[in-house]
Every structure is written in structure tokens, then in C-alpha cells.
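# What the coordinates show
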Amino acid sequence: MDFIRKNIKIIGLIGCAILIIANFLPFISGTARVGSVKETESVSLMHEEIRTMGIIAIVVEAILLLLVAKNKRKLAIIPVALILFFIIACRSVFSGESIDIGLGSAKIGYGIGFYAMIIGCILCLAFSFIKGNDGEKASTESK
């Protein structure tokens, strides 16, 4: 736990980097099966049809990165909450159930970008809630 407390700011910065990279990774994947033919397509948040959502996510993540860099723990909770709301909204809109499409079936799943966003949010929440040893180190050095 002492290692985490000493490096909590780095953990928060890594979480922000993971969140930003996750926008470019496959977020949602769809698989359609018609007879013996199977087609799969993955879409990131920077796909041309949903690029606006991706740009909004990147702006929120950039604000979060600035808050983490300036060590504003309590304010960093707000962008993380917005990102978590976005993830929950995507989860409720795109269910993983099979859909009958007439001649076959289609299934919508989540890609590595979805799970990377969850991991990034967990790391940023850890930054927000775990106090670092930065203040203790400065006070012991001045004595």
C-alpha cells in the first residue's frame, strides 16, 4: 500500500493515458451470422458515424488529465463520473444479447476499448480517493 501511496499521481496519469488511448481502440463489435457466413465489425469512438461522442470523451479526458497533473483530487471525480455515466449509457444501449435478423442472428459485444475505459476510470478513481505521501515527504525533509 505504501508503494501505491508514493506513486498515486503516476497511477492517475496512467489511468488518464489509458482513457485517451481507449477512444481509438475497438469499443463495440458486432457479429452477424447468416447460415454459414459470419461477418464481424468493430467500431471505435473515433469512427466517422460516432466521432462526436469520441471527441467529447477526449475533451473530458483531457480535462481529467489536467486535474490529475495539478493534483486536484476532489475535482477529478467529476470528469471520471461523466466518463462512467458514458460507459453505463453505452452498456444500456448496446446489449450483448443475440438479435434475430431474419435469416440469421446478430450479436453486439464490447471491445477492448470499452474495458480499457473501465480500467482507466478505476485508476483515476484510485487517484481521487487514495491520499498520497507527497505532503508527508515534504514535511519530513524540512525538519
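Bear in mind that the values here come from a model prediction, so they are computed numbers and not experimental data.

Turning to the overall build of the protein chain, a few remarks are in order. Helix and strand content of the protein chain: 6 helices and 4 strands. If you list the helices and strands of the protein chain from N to C, you get α-α-β-β-α-α-β-β-α-α. Sequence-distant contacts in the protein chain: of pairs separated by 6 or more residues, those separated by 24 or more amount to 65%. For the protein chain, the exposed surface amounts to about 9,000 Å²; the carbon and sulfur share of it is 67%.

This part is about the environment of L84. If you trace the backbone, L84 turns up in helix α4 (residues 73–93). C-alpha of L84 to C-alpha of M117: the two residues are 33 residues apart in sequence and 8.5 Å apart in space. Discounting chain neighbours no more than four positions away, the residues touching L84 are C121 and L125.

In this model, the second largest pocket occupies a volume close to 160 Å³. Lining the second largest pocket are M53, I56, A57, V60, E61, L82, I83, F85, F86, A89 and M117. At the level of elements, α3 (51–69) and α4 are the ones that each hand at least two residues to the lining of the second largest pocket. Residues that form the lining of the second largest pocket fall into these classes: 10 nonpolar, no polar and 1 charged.

Two elements, strand β1 (residues 28–34) and strand β2 (residues 37–43), share 7 bridges in a ladder whose sense is antiparallel. Within β2, the residue paired with G30 across the bridge is E41.

Positive phi outside glycine occurs at N71, with the angle close to 65 degrees. Along the chain, the position of N71 falls in the loop between α3 and α4.

Taken as a whole, this structure holds 4 aromatic pairs when the rule is applied. Between the aromatic rings of F27 and F86, the centroid separation amounts to 6.0 Å while the plane-to-plane angle is 35 degrees, which identifies the pairing as tilted. Remark: F86 occurs in helix α4 and F27 occurs in the loop between α2 (8–22) and β1; sequence separation between them is 59 residues. By the burial criterion, F27 is buried, and F86 matches it. Aromatic pair F27 and F114: ring centres 5.6 Å apart, planes at 70 degrees, arrangement edge-to-face. Here F114 lies in helix α5 (residues 112–129) and F27 lies in the loop between α2 and β1, a separation of 87 residues in the sequence.

Summing up the model confidence of the protein chain, the mean pLDDT is 81 and the portion of residues at 70 or higher is 84%. In this model, residues 135–143 is a region of pLDDT below 50 whose contacts with residues beyond four sequence positions or in other chains number 0 contacts.

Reading the values: rules and limits
Residues numbered from 1 in each chain as written. Predicted model: local features only at pLDDT ≥ 70, side-chain atom pairs only at ≥ 80, totals over all residues. Heavy atoms only, no water. Helix = DSSP H or I, 4+ residues; strand = E, 2+ residues; numbered from the N terminus. Contact = heavy atoms within 4.5 Å. Areas by Shrake-Rupley, 256 points an atom, 1.4 Å probe, with all protein chains shown as cover. 1 Å grid on protein atoms, 1.4 Å probe; cavity = no way out; pocket = protein on both sides within 12 Å on 5 of 7 lines; lining within 4 Å. Points joined across faces, edges and corners; volume = space filled by probe spheres on them. Nonpolar A, V, L, I, M, F, W, Y, C, P; charged D, E, K, R; others polar. Pairing = 2+ DSSP bridges. Phe/Tyr/Trp six-rings, centres within 6.5 Å; stacked < 30°, edge-to-face > 60°. Buried < 20%, exposed > 50% of the residue type's maximum accessible area, 1.4 Å probe, protein only. pLDDT = per-residue confidence, 0-100.

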